[in-house]
Amino acid sequence: MPDDSASLPPAPRSAFHDLGAFIALPRINSLTLSPGGDRLIASVAELAADGARYVTALWEVDPAGQRPARRLTRSAKGESAPTFRPDGTLLFLSARPDTDPAKDAPAEEEAALWALPAGGGEAYRLLGRPGGVEAVVTARQSDRTAVVASLLPGAQDVESDARLRKARKEAKVSAILHEEALVRFWDHDLGPAHPHTFTLPKVSPGAPAEAVPVDCGPLGRSGETPTLSPDGALLAHTLEISDEPDRIRSAVAIVDAATGKRLRLISAADAQFGEPVFAADSRTVVCGRETLSTFEESYEVTLWSFDATDEQDQGHDLLPDLDLWPAQGVPSPAGGAVFFTADQLGHCPVFRLDTAEGTVTRLTADGSYTHLSVAPDGSTLYALRAAIDAPPTPVRLDSSTADQQPTELPSPGPVGALPGSLTEVTTVAEDGTPLRSWLVLPEAASAQTPAPLLLWVHGGPQGSWNSWTWRWNPWVAAAAGYAVLLPDPALSTGYGQQMHRRGWQDWGGNPYRDVIALTDAALERSDLDASRTAMMGGSFGGYMANWIATSTDRFKAVVTHASLWNLHSFAGTTDAPHFWRRGFGDVLKTTERYEKSSPHLRAAEISTPMLVVHGDRDYRVPIGEALGLWTDLVRFGVPAKFLYYPDEGHWILKPNNAKVWYATVLAFLAHHVLGEPWRRPDLL
């Protein structure tokens, strides 16, 4: 028979050489430890059979690292938000259909609370609510459970809420009447329902009707999950408060979990509080505290501790000498320590705070860690570890050894070989500040075959290139032959408070100069081609793309995603105008920063070809920014294209939309940087 293998296209060298294979890679999203410390559950998103969405399933990971990971759940709707009861029952949320529905029960459309027995067997539906269950939390030592569900205005209980929802649906009413400042958040409209926390005693199939959920009050709109004390007696959650109509800040409320009565509120006129969690004694609360930024000064972040039952205790700073921004604290179940992560010099290590002495120990030297869980005796930590060159993977750590290398646990999410290598580029800013960045090098880069350089600026701007990203993955660009520079300029986290002060609300100043300085330092390498460079960024990185386009013509192409263009209009249309005005000022009264920093005032200076990308459901940086930029590019005859997503927000999340995003960006770069003919991507 004839050999047809010669006519077949060559197999891709890695998943990053094939956008379809890359989009299909499994993605580990969370890690949860049982109260007994003997079970680890990972949430893993995989491509659905139709290829048009991701479905999340729950997998069990062996804490000892001996057994391979095994899948626990499988449904077309997927499962999320795993948490354990003290008896080992695994709770989760899913919109899967009930296996034993009541007579005349409506088809399941919203997420409900499900349970999987500790000894195995079939999962069963515990609780559903009109509008769905949005989150679930449990108490380490109590059967009490809390769920987040929403109530429509005027609803007093589940029954009245259900009647109001039914009436709106039958009348086909979608209107929302707002009476508070916040109306949108990131990619979704707020209202008409408001999220509340409800606590319940132990819920089981056939639970008595008198086990009525206790309404513990409305939550904040940021999506933070409430927390129960280990003994189940208290609940803590965040909510928004304001002294003026649009001067909004978050506070922490302490509630009696049995009655729903609010016991106290932790707030301050010059700070906001969030992400509360109870320590082992069920009375001490550890939360984040962020000072409110002002026109003159950036905000600062620390961990705060207070007694939930002492009304006189307003709390104290747990990390007064740490010049970093800690993420959510995780108290040890054994007491005596609080664990946290914080960006630091291009990494996000794990730290241990010994609460008695106040000493801080860095437990990991490299990588980026999330989803910390502590074993019951406090001796072991579990977490997801990621890095620029490694996707999130479950690991085990000793809770006291400094700068250790974690033990990787078997997981369902390997990505295979990477199409290149990772190194660093450093330099010194004009004001003497040390600067650093990551540099992704493609496999073929050498002095003989120097690679084109693609500069990617991160969002935030308070952020850092220190972890894996699926949305802006540099290894896809490396597979296409590009070197990718990932700089941390002024305003980046992990370099101390002075790094924020250097760029505070002067985005076109030190942040821009730092980006250019790191680009110049990278191009001193013989394996990079200074004649073939491009720049791209999203959100703040998109702002920087626009600023660079109006400031220099050194790049062959600029890609700007979800970007700020006209700061004057942005100030009133973003979903968080109160935050924006604290730093940039009231556009009606204090205009100097708008005049100095808004790229749209320099539109006539652009000559570099630009690709504009934006989603219509982006409420953080509304679509008007892209429309204004596109209008100006057309008006001034700049070679440009506009990739518009009617159904995406700040991030492009749907698999095929993300595939088109990468294909369009690479085609645009190939045309303008590599000199290839323009090829319109398929499906566009």
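### Thoughts on the overall build of the chain
On a plain count of helices and strands, the chain comes out with 11 helices and 38 strands. Taken along its principal axes, the extent of the C-alpha atoms in the chain is 80 × 75 × 60 Å. The burial tally for the chain puts 55% of its 684 residues in the buried class. Within the structure as shown, the chain displays about 28,700 Å² of accessible surface, and the carbon and sulfur contribution to it stands at 50%. For the chain, the distance from the average position of its 59 positive side-chain charges to the average position of its 84 negative side-chain charges is 4 Å.

### Some words on the nonpolar core
Residues Met535 and Trp580 are the most contacted members of the largest nonpolar core, which totals 50 residues. Considering each element in turn, this core owes the most residues, seven residues, to helix α6 (residues 540–551). One finds Ala658, Phe668, Ala670 and Val673 within the second-largest nonpolar core, a separate group that totals 44 residues.

### Re the sheet that holds strand β4 (residues 70–71)
Pairing is antiparallel in the open sheet, where four strands are placed in the order β1-β2-β3-β4. Only two strands of the sheet have a single neighbouring strand rather than two, namely β1 (27–33) and β4. Relative to strand β2 (residues 40–47), β1 runs antiparallel, the two sharing six bridges. Residue pairing for β2: Leu31 is matched across the bridge by Ala42.

### What about the packing of aromatic side chains?
Under the definition given, this model contains 25 aromatic pairs. Judged by centre distance (5.3 Å) and plane angle (10 degrees), the ring pair of Phe340 and Phe351 falls under stacked. With Phe340 in strand β24 (residues 337–341) and Phe351 in strand β25 (residues 350–354), this residue pair connects regions lying 11 residues apart in the sequence. A relative accessible area of 0% places Phe340 in the buried class. Given a relative accessible area of 5%, Phe351 falls into the buried group. Here Phe540 and Tyr543 contribute two aromatic rings whose centre-to-centre distance is 6.1 Å and whose plane-to-plane angle is 20 degrees, an arrangement assigned as stacked. Of this pair, Phe540 and Tyr543 both sit in helix α6, three residues apart, which is roughly one turn of the helix. Both residues of the pair, Phe540 and Tyr543, count as buried.

### A look at the side chain of Gln344
Looking at where Gln344 falls in the secondary structure, it is placed in the loop between β24 and β25. In this structure, Gln344 is in contact with Leu324, Pro349, Phe351, Arg362 and Gly494, ignoring residues within four places of it in sequence.

### Observations concerning the state of the cysteines
All chains considered together, the criterion is met by zero disulfides. Lacking any disulfide linkage, Cys287 is separated from the closest cysteine sulfur, that of Cys216, by 18 Å. We classify Cys287 as buried; its relative accessible area is 1%. In this model Cys348 remains outside any disulfide bridge; the closest cysteine sulfur is found in Cys287, 19 Å from its own.

### Describing helix α5 (residues 510–522)
The first and last C-alpha atoms of α5 sit 18 Å apart over 13 residues, in line with the 18 Å expected at 1.5 Å per residue. The element α5 is extensively covered by neighbouring structure, given that 11 of its 13 residues are classed as buried. Burial in α5 covers these residues: Asn510, Pro511, Tyr512, Asp514, Val515, Ile516, Ala517, Leu518, Thr519, Ala521 and Ala522.

### So, the pairing of β2
For β2, a buried count of six out of eight residues is recorded, marking the element as mostly surrounded by other parts of the structure. Hairpin connection between β2 and strand β3 (residues 54–61): a loop of six residues separates the two successive antiparallel strands, and Gly51 in this loop has a positive phi of roughly 70 degrees.

### Thoughts on unusual backbone geometry
In this model, Gly191 is joined to Pro192 through a cis peptide bond whose omega is 0 degrees. Structurally, Pro192 is set in the loop between β12 (188–189) and β13 (194–200). We note that Ala81 has phi near 55 degrees; this positive angle belongs to a residue other than glycine. Along the polypeptide, Ala81 turns up in strand β5 (residues 80–84). Ala81 gets classed as partly exposed once you look at its relative accessible area, which sits at 32%. Unusually for a residue other than glycine, Ala562 sits at a positive phi of about 45 degrees. Looking at the secondary structure, you find Ala562 in the loop between β36 (557–561) and α7 (567–573). Since its relative accessible area comes to 1%, Ala562 is described here as buried.

### Description of the sheet that holds strand β9 (residues 133–139)
Read from one edge to the other, the open sheet built from four strands follows the order β9-β10-β13-β14, with strand pairing classed as antiparallel. Each end of this open sheet is capped by a strand with a single partner; those strands are β9 and β14 (214–218). Direction aside, neighbouring strands of the sheet carry axes that sit 25 degrees apart on average. Pairing geometry for β9 and strand β10 (residues 142–151), over six bridges, is antiparallel. Residue pairing across strands places Ala135 opposite Val148, the latter belonging to β10.

### Some points on the pairing of strand β16 (residues 234–244)
Note that strand β15 (residues 227–228) and β16 share two bridges and pair antiparallel. By the bridge assignment, Leu228 is partnered in β16 with Leu235. Relative to strand β17 (residues 247–256), β16 runs antiparallel, the two being bridged by 10 bridges. Note on β17: the bridge partner recorded for Thr238 is Val252.

### Digging into the pattern of salt bridges
Where charged atoms from two side chains of opposite charge come close, those side chains can pair. Tallied over the entire structure, the rule returns 31 salt bridges. In this structure, Asp270 engages Arg289 in a salt bridge whose closest nitrogen and oxygen atoms are separated by 3.7 Å. Placement of the pair is Asp270 in the loop between β18 (262–266) and β19 (271–278) and Arg289 in strand β20 (residues 284–291), with a sequence separation of 19 residues. A relative accessible area of 16% means that Arg289 is categorised as buried. One network of salt bridges, in which partners are shared, links Arg39, Glu60 and Arg70.

Thresholds applied
- Residues numbered from 1 in each chain as written.
- Predicted model: local features only at pLDDT ≥ 70, side-chain atom pairs only at ≥ 80, totals over all residues.
- Heavy atoms only, no water.
- Helix = DSSP H or I, 4+ residues; strand = E, 2+ residues; numbered from the N terminus.
- Buried < 20%, exposed > 50% of the residue type's maximum accessible area, 1.4 Å probe, protein only.
- Areas by Shrake-Rupley, 256 points an atom, 1.4 Å probe, with all protein chains shown as cover.
- Lys, Arg positive; Asp, Glu negative; His and termini not counted.
- Charge placed at Lys NZ, Arg CZ, Asp CG, Glu CD.
- Core = buried A, V, L, I, M, F, W, Y, C linked by side-chain atoms within 4.5 Å.
- Pairing = 2+ DSSP bridges.
- Phe/Tyr/Trp six-rings, centres within 6.5 Å; stacked < 30°, edge-to-face > 60°.
- Contact = heavy atoms within 4.5 Å.
- Disulfide = S-S within 2.5 Å.
- Expected span 1.5 Å × (residues − 1).
- Axes fitted to C-alpha atoms, helices over the stretch in contact; angles between N-to-C directions.
- Salt bridge = Lys/Arg side-chain N within 4 Å of Asp/Glu carboxyl O.

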